[in-house]
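Read off the chains here:
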Amino acid sequence: MQKVAPSILSADFVNLERDIRHVAEAGADYIHIDVMDGIFVPNITIGIPVVAAIRKITDLPLDVHLMIDRPLRYVERFCDAGADILTIHAEADTEEHNLEALRLIREKGVRAAVSIKPNTPVQALDPYMDLMDMILIMTVEPGFGGQKFMEDMMPKVRALRKIIDVRSPGTELEVDGGVNPETARICVEAGANVLVAGSALFKAPDTAAFIDQLHQLV
Ligand code: DX5
Ligand code: ZN
């Protein structure tokens, strides 16, 4: 069964604890936290102290998505703040620095992941294959919630599903951006097993039913 990771970018930040407890009770598998620096993406969101604060109020794995330039500078601090999965972007630094960042994350006992933006081909992940516990395929241009799902990213998901099944069946394959029950089906059919959902999930009148619907897709 695929996992559901609510993106708290669409939560009510004034009531973040309430919203996180709500999605946890509704059956969320991970809490997806979008960290943006205003440089790698044109938006600024939340940082290390907020991750540490969230760590105190939930036992759910924290799936921290770093949309920041040169993440090597910060990965240890995000691990110490309580990330369980830490995702860097392939485009955010040199291959050498990204490899070092992934090794550091794993040394900290945290699961390491790499994401690629819509214009980045899957081949960009090749150097990191042996160091990734999860791969994140962006199905929108990173930076903002509430954008339209890019179905043309599905060939990447299908290609990676084949590679993962042969090389490392334990590696998770996550999609992020524009996920709702309709587009989630397309993602699951293509081979994704972790579904990030922000605006659609937080807008849903019945969160538990929404999450259940995504869990039940086959
Ligand atoms: C976008 C973020 C996403 C975003 C998804 O850059 O990485 O996690 O919150 O939001 P929706 O589901 O609204 O597209
Ligand atoms: Zn994200």
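Located above this text is the structure these notes cover.
Residues numbered from 1 in each chain as written. Chains lettered and ligands numbered in written order. Predicted model: local features only at pLDDT ≥ 70, side-chain atom pairs only at ≥ 80, totals over all residues. Heavy atoms only, no water.

Enquirer: What's the story with the overall build of the protein chain in this structure? I'm lost.
Expert: The secondary structure content of the protein chain amounts to 8 helices and 8 strands. Compactness check: the protein chain gives a C-alpha radius of gyration of 16 Å against a globular reference of 17 Å for 218 residues, within 12% of the reference. Taken along its principal axes, the extent of the C-alpha atoms in the protein chain is 45 × 35 × 30 Å. The long-range share in the protein chain, meaning contacts at least 24 apart out of those at least 6 apart in sequence, stands at 66%. By element, 51% of the accessible surface of the protein chain is carried by carbon and sulfur atoms, the whole surface being about 9,600 Å². Taken together, the 21 basic and 33 acidic charged side chains of the protein chain have centroids lying 1 Å from each other. (Helix = DSSP H or I, 4+ residues; strand = E, 2+ residues; numbered from the N terminus. Rg over C-alpha atoms; globule rule 2.2 N^0.38 Å. Contact = heavy atoms within 4.5 Å. Areas by Shrake-Rupley, 256 points an atom, 1.4 Å probe, with all protein chains shown as cover. Lys, Arg positive; Asp, Glu negative; His and termini not counted. Charge placed at Lys NZ, Arg CZ, Asp CG, Glu CD.)

Enquirer: Sorry if this is basic, but what is going on with the coordination of the zinc ion (ligand 2) here?
Expert: Ideal geometry at a metal centre gives angles of 109.5 degrees when four donors are arranged tetrahedrally and 90 or 180 degrees when six donors are arranged octahedrally. Here the zinc ion (ligand 2) is held by H32 (NE2), D34 (OD), H65 (ND1) and D176 (OD), and the distances to it run 2.0 to 2.3 Å. Taken together, the 6 donor atoms surrounding the zinc ion (ligand 2) define angles of 70 to 169 degrees at the centre, an arrangement classified as octahedral. Written as a sequence motif, the donor residues of the zinc ion (ligand 2) are H-x1-D-x30-H-x110-D. Placement of the pair is H32 in strand β2 (residues 31-36) and H65 in strand β3 (residues 62-67), with a sequence separation of 33 residues. An identical accessibility class is assigned to H32 and H65; each is buried. (Donors = N, O, S within 2.8 Å, 3.2 Å for Na, K, Ca; no water. Tetrahedral: all angles 85-135°; square planar, octahedral: opposite > 155°, others 65-115°. Buried < 20%, exposed > 50% of the residue type's maximum accessible area, 1.4 Å probe, protein only.)

Enquirer: Explain the nonpolar core here, please?
Expert: The nonpolar side chains of a soluble globular protein tend to be buried, and buried together. Formed by 67 residues in total, the largest nonpolar core has its most connected members in I33, V64 and L86. Considering each element in turn, this core owes the most residues, 5 residues, to helix α4 (residues 95-107). Discounting chain neighbours no more than four positions away, the residues touching L86 are V64, L66, V75, F78, C79, I105, V110, R111, A112 and A113. Listed in part, the 7 residues of the second largest apolar core include Y30, A113, M134 and V194. (Core = buried A, V, L, I, M, F, W, Y, C linked by side-chain atoms within 4.5 Å.)

Enquirer: I'm lost on the pattern of salt bridges in this one. Help?
Expert: Two side chains of opposite charge can pair, provided their charged atoms sit close to one another. Under the definition given, this model contains 11 salt bridges. Among the ionic pairs, R111 bridges to E172, the shortest N-O distance being 3.4 Å. With R111 in strand β5 (residues 111-116) and E172 in strand β7 (residues 172-176), this residue pair connects regions lying 61 residues apart in the sequence. Taking relative accessible area as the criterion, E172 reaches 7% and is therefore assigned buried. (Salt bridge = Lys/Arg side-chain N within 4 Å of Asp/Glu carboxyl O.)

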